[in-house]
Amino acid sequence: MIYQTTLQNQYLIACENQKRLDPKTVKAYRIDLRQFHEYIVVEKMDFNRDAIKAYISHMNTRYQPRTVKRKIASIRAYSAWLEEEGHLPQNPFKNLRLKLQEPQILPKTVPLSMVERLLTEVHIGLESGSVSETQWERLRDASVIELLFATGIRVSELCKLNTRDIDLNAGTLLIHGKGKKERIIQVTNAEVLSTIRRYKEACHPEWGQAFFRSRRGGRLSEQSVRLILRKYAKKIGISTRITPHMIRHTLATLLLESDVDIRYIQQLLGHASLITTQIYTHVAGAKQREIMIQKHPRNGFSVSDRLSNGLAGKQDGNLPQNLYI
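Keep in mind that what you see is a predicted model, and the values were worked out from it rather than measured.

**Here's the deal with the overall build of the protein chain**
In terms of helices and strands, the protein chain carries 14 helices and 3 strands. Residues classed as buried in the protein chain amount to 38% of the 325 residues present. A sequence separation of at least 24 residues applies to 61% of the contacts in the protein chain between residues at least 6 apart. When the accessible area of the protein chain is evaluated, it comes to approximately 19,900 Å², of which 50% is carbon and sulfur surface.

Structural data, given as structure tokens:
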């Protein structure tokens, strides 16, 4: 059968080695295809349009629209590969129109004042002097939070950083992003670079390849980074849960509000599509308000002034008398 495990494994290997997809993406594909396989086996259906429609109806009762959309995309990509490899005479998705209403969830951000308080708290005790054995952990935490906000990198990208990826003299980071795509990010703030340099001098090169390490000497995990943020948020009395992704969203939104070109923000964040980056245009409310106040033509005249000056219904002298609207 075209949906048997052997073909699925071949497809997943192709995703990993030929398409060079991120391991997390390949893992999601594996789960999605297994679930679809199990469904059509239980329902005794062939891999065709009817099976896909039935499976979508089944998923709509169990998952959120965003999850359903992702799982459909997994099956669609697999179908296209089966057709290309000659295992499927006709792609069941051909001319199949599927419209799923996915509610837009705006990214959550953190007030800049809160970021400043976090950074101030994590820097306490590190202003001057040499770093003791007990201080290196706080210095690491400061470097982690500084880099998250300075670059907007994903928490997974931060944890993947190796010593050789960071050039403090040039102020550059080599980021290993999704799908094994690499990009270089500039770090220009002197305080950020100084903090990272002090951490590196205190902990390297004896620690080896990984740049950020745990207490036990292993590579710092994504969950550990989340706990670091939670720890310092608690220290300054913030009850709101702050995540690495919220820091990423905050930087993107602040850059957009500062008139930074959205295509640069796309490159900085490592988005494959500009569509992904455009979600930040919906959260830049402060900038939108500023534009509306300063640029909207309605703010160029006052009806109250015209009424008080007896100009109601009268044409201004500089307007043509035969002007019709």
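Okay, back to it.
**Quick word on the packing of aromatic side chains**
Tallying each qualifying case throughout the model produces 10 aromatic pairs. Consider the rings of Tyr11 and Tyr78, whose centres lie 5.2 Å apart with planes at 55°: the pair is tilted. Of this pair, Tyr11 sits in helix 1 (residues 5-17) while Tyr78 sits in helix 4 (residues 65-84), and the two are 67 residues apart along the sequence. Exposure remark for Tyr11: the relative accessible area of 0% places this residue in the buried category.

**What about the nonpolar core?**
Counting 46 residues, the largest nonpolar core has Leu147, Leu158, Leu161, Phe212, Val225, Ile242 and Ile247 as its most contacted members. Secondary-structure elements contributing two or more residues to this core are helix 5 (112-123), helix 6 (136-151), helix 7 (155-160), strand 2 (172-176), helix 8 (190-203), helix 9 (222-235) and helix 10 (244-257). Ranked by the residues each element gives to this core, the list is headed by helix 6, at 8 residues. In this view, Phe212 contacts Arg140, Ser143, Val144, Leu147, Leu158, Leu161, Tyr199, Gly218, Arg219 and Leu220; residues no more than four positions away in its chain are not counted. Residues Tyr29, Phe36, Leu82 and Leu88 belong to the second largest nonpolar core, which totals 26 residues.

**Notes on the sheet that holds strand 1 (residues 166-167)**
Strand order in the open sheet made by the 3 strands is 1-2-3, with antiparallel pairing throughout. The open sheet terminates on both sides in strands that have one partner only, identified here as strand 1 and strand 3 (182-186). In the sheet, strand 1 pairs with strand 2 via 2 bridges, with the strands oriented antiparallel. Residue Ile166 lies in a different strand from strand 2, and its bridge partner there is Leu173.

**Focus: the packing of helix 1 against helix 2 (residues 23-42)**
In contact at an axis separation of 10 Å, helix 1 and helix 2 are set at 160° when each is read in the N-to-C sense. For the element pair helix 1 / helix 2, the angle class is roughly antiparallel. Considering only the axes of helix 1 and helix 2, their crossing is right-handed. Between helix 1, through Thr5, Gln8, Tyr11, Leu12, Cys15 and Glu16, and helix 2, the contact on the second element is made entirely by Val26, Tyr29, Arg30, Leu33, Arg34 and His37. Classifying every residue of the contact of helix 1 with helix 2 gives 6 nonpolar, 3 polar and 3 charged.

**Here's the deal with the confidence of the model for the protein chain**
On average, residues of the protein chain carry a pLDDT of 82, and 80% of them reach 70 or more. Confidence, read as mean pLDDT per element, is least for helix 13 (residues 285-295) in the protein chain (63) and greatest for helix 9 (94).

**Some details on the pattern of salt bridges**
If you walk through the whole model with that rule in mind, you get 12 salt bridges. Across the pair Arg154 and Glu157 runs a salt bridge, and its minimum N-O distance is 2.5 Å. Residue Arg154 is classed as buried on the basis of its relative accessible area of 9%. A cluster of three or more residues bridged by salt bridges with shared partners is formed by Glu137, Arg140, Asp141, Arg215 and Lys231.

**Here we look at the side chain of Arg213**
Tracing the sequence through the fold places Arg213 in the loop between helix 8 and helix 9. In this structure the side chain of Arg213 is engaged in a polar contact, spanning 2.3 Å, whose partner is the backbone oxygen of Gly217.

**Side note on the packing of helix 3 (residues 49-60) against helix 4**
Where helix 3 contacts helix 4, the two axes come as close as 10 Å, and the packing angle between them is 155°. Viewed along their axes, helix 3 and helix 4 adopt a mutual orientation that is roughly antiparallel. For the pair helix 3 and helix 4, the sense of crossing is right-handed. Taking contact as the criterion, the partners of Tyr55, Ile56, Met59 and Asn60 in helix 3 are, on helix 4, Val68, Lys71, Ile72 and Ile75.

**Looking at the pairing of strand 2**
What sits between strand 1 and strand 2 in their antiparallel hairpin is a turn of 4 residues, with Gly171 showing a positive phi close to 70°. In this structure, strand 2 lies alongside strand 3, joined through 5 bridges in antiparallel fashion. Note that in strand 3 the partner of His176 across the bridge is Glu182.

**Here we look at the pairing of strand 3**
Where burial is concerned, the two faces of strand 3 differ: the one with Arg183 and Ile185 is buried and the one with Glu182, Ile184 and Gln186 is not. Adjacent in sequence and paired antiparallel, strand 2 and strand 3 are bridged by 5 residues, among which Gly179 carries a positive phi angle near 65°.

**Things to note about unusual backbone geometry**
Backbone geometry at Lys44 places phi at a positive 55°, although glycine is not the residue there. Mapped onto the elements of the fold, Lys44 is located in the loop between helix 2 and helix 3.

Cut-offs and rules
- Residues numbered from 1 in each chain as written.
- Predicted model: local features only at pLDDT ≥ 70, side-chain atom pairs only at ≥ 80, totals over all residues.
- Heavy atoms only, no water.
- Helix = DSSP H or I, 4+ residues; strand = E, 2+ residues; numbered from the N terminus.
- Buried < 20%, exposed > 50% of the residue type's maximum accessible area, 1.4 Å probe, protein only.
- Contact = heavy atoms within 4.5 Å.
- Areas by Shrake-Rupley, 256 points an atom, 1.4 Å probe, with all protein chains shown as cover.
- Phe/Tyr/Trp six-rings, centres within 6.5 Å; stacked < 30°, edge-to-face > 60°.
- Core = buried A, V, L, I, M, F, W, Y, C linked by side-chain atoms within 4.5 Å.
- Pairing = 2+ DSSP bridges.
- Axes fitted to C-alpha atoms, helices over the stretch in contact; angles between N-to-C directions.
- Parallel < 35°, antiparallel > 145°, perpendicular 65-115°, else oblique.
- Left-handed = near helix turned anticlockwise from the far one by under 90°.
- Nonpolar A, V, L, I, M, F, W, Y, C, P; charged D, E, K, R; others polar.
- pLDDT = per-residue confidence, 0-100.
- Salt bridge = Lys/Arg side-chain N within 4 Å of Asp/Glu carboxyl O.
- Polar contact = N/O pair within 3.5 Å; in protein donor to acceptor, adjacent residues only side chain to side chain.

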